[in-house]
Amino acid sequence: MAGFFKKLTNVFTGKADIDWDELEEMLIAGDLGIRMTTRIIDRLQAMGRKISPDDVISVCREEIIAILPRENPRIEPIAGKPHVSLIVGVNGTGKTTSTAKLALHLKQQGHSVLLAAADTFRAAAIEQLSRWASRIDVPIVTSSYHADPSAVCFEAYQRAAAEEFDFLLCDTAGRLHTKHNLMEELKKIRRTLAKLDPESPHERLLVVDATTGSNATNQAVQFHAAADLTGVIVTKMDGSGKGGVVVPIQSDLGIPTRYVGTGEEPEQFARFDAAMFVDSIL
C-alpha cells in the first residue's frame, strides 16, 4: 500500500470535481474493503462542498487511524505455564517462516521458546521448520509424516511445561479456508490443548499475505469461525505488498494485526505499529 496517498494526489490534483466512482475503485483496489470505503466516501460527501485531494487524503488518514488499535500489547509469558500460540493459515502465505520469525522475535526479548511442528501433512514442512529451528537455535518437537497434529501439540505442551519454557509456538498445516474437515481439525487441536490448560492456546494467529487483497479478508472470516482468532500476522509488507488488508480485517472482524513480515531475513519481522503503518502509506 506504499504510496497510496501519493497516488490519490496524482489522480485527483487538477480535476474540477472528484469522480466518486473512480475514488471508490481506488479505495477498494487499495484493499481497504467495502465498509471502510463507504465510510470515507460518505464522510467526504457529507462535507457539502467541493472536495480537494487534500480532503480525500485527510479523511482517509483519519478514518484508518480511527479503526486501528492505538496499542498493540506484547505477547507476555504466563506465570507457571507455557504461553501457547497456534499459528494458522492457507498454504503459501509464509506461515512456517512467520512461526520461526516469531520464535526468534520472542527469543531476542530474552524468552525461552519451544517450537512444535504440527504441520504433519507435508514432510517438507517438518523439515522446513526443523531447519529454521537449527538456524535460530530454538528447540523443536517433531513427529512422523502424517502423524496426528493434535498429538504433536499435546507432546510439545507437556515438554514446554516440564522444562518451563516461556512460549510454545505450534505451526499447523496450511489449509484452504473452504475445507470443512481441515478446519474441524483446528478445533480438535484447540480441544486437545485445552485439556492441558483450559485457556490454551492463548493466541490464535492467522498468517495472511498482503498481496492477496480481499481474499485475505475471506480467509480471516473462515479461520475466525474455526479458531476464534486473536490476531493476524501479515507477510510481504515490503515493496510488493499493499497492506491495506489490515484495515478491513480490523474494521469488519475486530481482529488486530499483531505482527508484520517485511522481507525474507529472520530479523525482518516486527510488532505492528498503527502510526508507522499510516505514515508508510503517505
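The structure we're discussing is the one just above.
On a predicted model such as this, the values are computed, not experimentally measured, just so you know.

**Remarks on the overall build of the protein chain**
Okay, so step 1: What the protein chain contains, in helices and strands, is 11 helices and 8 strands.
Okay, so step 2: If you line up the protein chain on its principal axes, its C-alpha atoms span 70 × 40 × 35 Å.
Okay, so step 3: Counting only residues that meet the buried cut, the protein chain has 52% of its 282 residues in that class.
Okay, so step 4: Looking at the protein chain alone, contacts between residues at least 24 apart form 74% of all its contacts between residues at least 6 apart.
Okay, so step 5: Element-wise, carbon and sulfur atoms account for 49% of the exposed surface of the protein chain, whose accessible area totals about 12500 Å².

**Some thoughts on helix 9 (residues 214-227)**
Okay, so step 1: Look at helix 9: 20 Å from first C-alpha to last across 14 residues, which is about the 20 Å you get at 1.5 Å a residue.
Okay, so step 2: Those residues of helix 9 that sit buried are A216, T217, Q219, A220, F223, A226 and A227.
Okay, so step 3: Contact partners of the buried residues in helix 9: strand 1 (83-88), helix 8 (180-196), strand 5 (203-209) and helix 10 (246-253).
Okay, so step 4: Looking one or two places after helix 9, you find D228, whose phi comes out positive at around 50°.

**Concerning the packing of aromatic side chains**
Given two aromatic rings, their pairing is described by the distance between the two centres and the angle made by the two planes.
Okay, so step 1: Applying the stated criterion across every chain yields a total of 2 aromatic pairs.
Okay, so step 2: Plain terms: the ring middles of Y259 and F269 are 5.3 Å apart, the flat faces sit at 15° to each other, and that makes the pair stacked. Placement of Y259 in strand 7 (residues 257-261) and of F269 in strand 8 (residues 269-271) is noted, with a sequence separation of 10 residues between them. No difference in accessibility class separates Y259 from F269, as the two residues are buried.

**Points about the sheet that holds strand 7**
Okay, so step 1: Judged by pairing direction, the sheet is mixed, and its 8 strands sit side by side in the order 3-2-4-1-5-6-7-8 without closing on themselves. Looking at strand neighbours, the two that pair on one side only are strand 3 (140-141) and strand 8, the edges of this open sheet.
Okay, so step 2: Inspection of the sheet shows strand 1 paired to strand 4 (residues 167-172) by 5 bridges, in the parallel sense. Residue V84 lies in a different strand from strand 4, and its bridge partner there is L168.
Okay, so step 3: Taken strand by strand, helix 7 (residues 149-162) contacts strand 1, strand 2 (113-118), strand 3 and strand 4, and its axis lies near 165° from that of strand 2.

**Considerations on a negative patch on the surface**
Okay, so step 1: Taken together, D19, D21, E24 and E25 make up a surface patch of like negative charges.
Okay, so step 2: Among the structural elements, E25 can be located in helix 2 (residues 20-29).

**Some words on the packing of helix 8 against helix 9**
Okay, so step 1: The interhelical angle for the contact between helix 8 and helix 9, taken along N-to-C directions, is 40°, at an axis separation of 8 Å. Of the possible angle classes, the one that applies to helix 8 and helix 9 is oblique. Note that helix 8 runs across helix 9; the crossing there is right-handed. In this structure, helix 8 uses M183, L186, K187 and R190 to contact helix 9, whose residues at the interface are Q222, F223, A225, A226 and A227.
Okay, so step 2: Along the lines of polarity and charge, the residues of the contact of helix 8 with helix 9 split into 6 nonpolar, 1 polar and 2 charged.

Conventions and cut-offs
- Residues numbered from 1 in each chain as written.
- Predicted model: local features only at pLDDT ≥ 70, side-chain atom pairs only at ≥ 80, totals over all residues.
- Heavy atoms only, no water.
- Helix = DSSP H or I, 4+ residues; strand = E, 2+ residues; numbered from the N terminus.
- Buried < 20%, exposed > 50% of the residue type's maximum accessible area, 1.4 Å probe, protein only.
- Contact = heavy atoms within 4.5 Å.
- Areas by Shrake-Rupley, 256 points an atom, 1.4 Å probe, with all protein chains shown as cover.
- Expected span 1.5 Å × (residues − 1).
- Phe/Tyr/Trp six-rings, centres within 6.5 Å; stacked < 30°, edge-to-face > 60°.
- Pairing = 2+ DSSP bridges.
- Axes fitted to C-alpha atoms, helices over the stretch in contact; angles between N-to-C directions.
- Patch = residues over 30% accessible without salt bridge, like charges linked within 9 Å, V, L, I, M, F, W, Y side chains within 5 Å.
- Salt bridge = Lys/Arg side-chain N within 4 Å of Asp/Glu carboxyl O.
- Lys, Arg positive; Asp, Glu negative; His and termini not counted.
- Charge placed at Lys NZ, Arg CZ, Asp CG, Glu CD.
- Parallel < 35°, antiparallel > 145°, perpendicular 65-115°, else oblique.
- Left-handed = near helix turned anticlockwise from the far one by under 90°.
- Nonpolar A, V, L, I, M, F, W, Y, C, P; charged D, E, K, R; others polar.

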